[in-house]
Amino acid sequence: MKLPYAEPYRIKMTEAIRTSTREEREEWIRQARYNLFKLRSEQVFIDLLTDSGTGSMSDRQWGAMMTGDESYAGASSYYRLRETVRRIFGFEYFLPTHQGRAAENVLFTALVKAGDIIPGNSHFDTTKGHIEYRRAVALDCTVDQAADTQLELPFKGNIDCAKLERALEAHPAEKIPFVCLTVTNNTAGGQPVSMENIRQTSLLCRRYGVPLLLDSARFAENAYFIKTREEGYADRSIKEIVREMYSYADLMTISAKKDGVVNMGGFTAMRDKELFDRASVFNIMFEGYVTYGGMSGRDMEALAVGLDENTEFEQLDARIRQVALLGRLLDQYGIPYQRPAGGHAIFVDARRVLPNVPREEFPAQTLGVELYLEAGIRGVEIGAILADRDPETRLNRYPKLELLRLAIPRRTYTDNHIAVIAAACKNIYDRRESIVRGYKITYEAPIMRHFTVELEKL
Ligand code: F0G
């Protein structure tokens with residue numbers, strides 16, 4: 001008999017989590033003003049809010065933390081991480097920051113000015129926030145197919161090169177500080193970008209004299225999909241694929257909390273010494289001295305090991321199989337989600353699951369609250385609340401997709417938890433006709449409102 005699959009690790013430490021009653025959850029979510037971010041983590045049984053900073057580190061990473069050099073300047077931990085960044089990504093210069101958005105802040109302060117245009121494939125919300133805060137425009141050039149959740153395509157995260165070229169054509173190069181390619185494309189459903197697409201994007205960028213930035217939170221998962229889905233890459237190692245991906249780029253920002261498998265950390269990296277010198281000043285102002293930025297020595301040690309380990313096929317395979325398992329269970333129950341299953345999460349298609357909830361009443365948020373009430377599972381809305389208002393008209397922006405993201409932390413939950421998540425989704429799907437009303441906003445911040453929004457049940 002063929003032996004079944006099993007993970008390439010065993011578990012050395014556990015953390016207790018507890019279930020609650022529906023009555024308790026009704027009270028807690030009411031107190032949280034129906035915003036899942038405002039729940040306390042003890043009020044959550046299975047936390048799928050994010051895969052960011054929520055993974056389990058390996059024994060080697062924990063061991064490396066003990067060797068952290070906490071010197072203010074010139075720490076050996078910095079040099080170890082710099083060597084790893086050079087080896088894995090091939091970038092000469094890097095600046096550590098406390099997380100991804102801090103890397104964006106440092107780099108964009110050096111590069112982005114009012115009136116600029118930054119084309120990309122569904123910019124992540126903090127990326128868009130940092131662009132719009134500087135009165136520049138985040139221009140979404142994602143392929144149209146990404147908006148059809150039921151289309152089964154291998155690289156639905158791609159940028160549409162025709163749209164990109166139109167943008168490059170329409171604006172002078174000095175108005176486009178860079179093109180931002182997010183790998184994998186988080187907002188479009190954890191969907192990967194093909195090597196061919198990265199290459200084509202890079203060619204276009206070079207032709208128009210515009211640098212290419214890779215927003216790299218889930219770069220290793222993207223490389224996994226290139227290996228398993230793109231012709232010509234099956235026999236290449238993840239590390240080789242990553243090196244090729246980055247050979248086409250000039251800049252990167254990364255939230256290391258995802259594919260770096262650490263709880264906190266990030267960096268920006270580049271080839272250009274002059275830009276590095278300019279950005280260093282902002283790193284010192286916003287984050288910390290050049291050789292630690294926002295990270296302690298022990299965090300840089302853990303990240304150096306994490307980057308190395310998580311660019312090995314077996315680690316990525318275990319993770320992506322678990323996400324795919326959730327997708328398969330939802331398939332069994334007929335529940336629509338962004339197909340095919342993505343890298344870090346399943347994105348449930350809330351408008352199809354709750355067709356009776358009007359768009360103005362936030363179907364994805366409604367589904368998120370339902371799932372919490374059903375089983376204490378916390379997902380996150382990727383829909384109209386997250387999309388914010390248009391900075392000019394101040395009208396609500398209604399994106400093409402209303403998704404409930406169920407992000408799977410790395411090496412944190414077992415397949416039994418996955419079965420609970422799928423069953424809870426099925427229970428809601430079975431009573432979908434009876435869910436007809438959603439929520440209205442009673443408080444919102446002017447930008448990135450989803451973190452602090454307060455809602456009232458209609
Ligand atoms: N870019 C992408 C593609 C991201 O997914 C994130 C964070 C960031 C940048 C910002 O990084 O959180 O370290 O400051 N995404 C998390 C998520 C928060 O839940 O998807 P950060």
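The model shown is predicted, which means the values in this text are computed figures rather than measured ones. (Residues numbered from 1 in each chain as written. Predicted model: local features only at pLDDT ≥ 70, side-chain atom pairs only at ≥ 80, totals over all residues. Heavy atoms only, no water.)

### A closer look at helix α14 (residues 363-375)
Part 1 of the argument: When the terminal C-alpha atoms of α14 are compared, their 18 Å separation across 13 residues agrees well with the 18 Å that a helix rising 1.5 Å per residue should span.
Part 2 of the argument: Burial runs high along α14: 12 of the 13 residues are buried.
Part 3 of the argument: Residues of α14 that are buried: Pro363, Ala364, Gln365, Thr366, Leu367, Gly368, Val369, Glu370, Leu371, Tyr372, Leu373 and Ala375.
Part 4 of the argument: Glycine 376 lies just past α14 and shows a positive phi near 70 degrees. (Helix = DSSP H or I, 4+ residues; strand = E, 2+ residues; numbered from the N terminus. Expected span 1.5 Å × (residues − 1). Buried < 20%, exposed > 50% of the residue type's maximum accessible area, 1.4 Å probe, protein only.)

### Focus on the site of the ligand
Part 1 of the argument: Surrounding the ligand, one finds 17 residues, the nearest of these being Thr50, Arg101, Ser255, Lys258 and Arg405.
Part 2 of the argument: Contact distances for the ligand include 2.8 Å between an oxygen atom and a backbone N or O atom of glycine 100.
Part 3 of the argument: Within the side chain of lysine 258, one N or O atom sits 2.8 Å away from a nitrogen atom of the ligand.
Part 4 of the argument: A total of 460 Å² of accessible area belongs to the ligand in isolation, and the protein chains cover 94% of it.
Part 5 of the argument: Sort the elements by how many residues they give to the shell around the ligand and helix α4 (residues 100-111) lands first, with 3 residues.
Part 6 of the argument: In terms of residue class, the shell around the ligand is built from 2 nonpolar, 8 polar and 7 charged. (Near = heavy atom within 4 Å. Polar contact = N/O pair within 3.5 Å; in protein donor to acceptor, adjacent residues only side chain to side chain. Areas by Shrake-Rupley, 256 points an atom, 1.4 Å probe, with all protein chains shown as cover. Nonpolar A, V, L, I, M, F, W, Y, C, P; charged D, E, K, R; others polar.)

### Regarding the sheet that holds strand β11 (residues 380-382)
Part 1 of the argument: Judged by pairing direction, the sheet is antiparallel, and its 3 strands sit side by side in the order β9-β12-β11 without closing on themselves. Looking at which strands have only one partner, the edges of the open sheet turn out to be β9 (345-349) and β11. When strand polarity is set aside, the average angle formed by the axes of neighbouring strands in this sheet is 35 degrees.
Part 2 of the argument: The strands touched by helix α12 (residues 313-332) are β9 and β12 (403-407); relative to β9, the strand with the most contacts, the crossing angle is about 25 degrees.
Part 3 of the argument: Strands in contact with α14 are β9, β11 and β12; relative to β12, the strand with the most contacts, it is inclined by about 45 degrees. (Pairing = 2+ DSSP bridges. Axes fitted to C-alpha atoms, helices over the stretch in contact; angles between N-to-C directions. Contact = heavy atoms within 4.5 Å.)

### Some points on the domain arrangement of the protein
Part 1 of the argument: Taken domain by domain, the protein holds domain 1 (22-51 + 312-457) and domain 2 (59-309).
Part 2 of the argument: For domain 1 versus domain 2, the separation of C-alpha centres amounts to 26 Å.
Part 3 of the argument: Each side of the interface is counted separately: domain 1 has 35 residues, and domain 2 has 40 residues.
Part 4 of the argument: Around 3000 Å² of area is buried between domain 1 and domain 2 when both sides are counted, 53% of it from carbon and sulfur atoms.
Part 5 of the argument: The interface formed by domain 1 and domain 2 contains 7 salt bridges. (Domains from an automatic or database assignment. Buried area = accessible area lost by both parts, 1.4 Å probe. Salt bridge = Lys/Arg side-chain N within 4 Å of Asp/Glu carboxyl O.)

### Things to note about the nonpolar core
Part 1 of the argument: Membership of the largest hydrophobic core comes to 56 residues, with the highest contact counts inside it found for Phe89, Phe219, Met245, Tyr246 and Phe267.
Part 2 of the argument: Counting residues per element, this core draws most heavily on helix α8 (residues 219-229), which supplies 6 residues.
Part 3 of the argument: When near neighbours in sequence (up to four residues on either side) are disregarded, phenylalanine 89 contacts Thr84, Phe219, Val242, Arg243, Tyr246, Met252, Ile254, Phe267 and Leu307.
Part 4 of the argument: Core analysis: the second largest hydrophobic core is formed by 34 residues, Tyr337, Ile377, Ile428 and Ile435 among them. (Core = buried A, V, L, I, M, F, W, Y, C linked by side-chain atoms within 4.5 Å.)

### Focus on the pairing of strand β6 (residues 212-215)
Part 1 of the argument: The side-chain alternation of β6 yields two buried faces, one formed by Leu212 and Leu214 and the other by Leu213 and Asp215.
Part 2 of the argument: Strand direction decides the pairing type here: strand β5 (residues 179-182) and β6, joined by 4 bridges, are parallel. Note that in β6 the partner of leucine 181 across the bridge is leucine 214.
Part 3 of the argument: In this region the chain leaves β5, passes through helix α7 (residues 195-208) and returns to the parallel neighbour β6; the handedness of that crossover is right-handed.
Part 4 of the argument: Sheet topology note: the β6/strand β7 (residues 251-255) ladder contains 3 bridges and is parallel. Opposite leucine 214, over in β7, you have methionine 252 as the bridge partner. (Right-handed = clockwise from strand over helix to strand, strands pointing away.)

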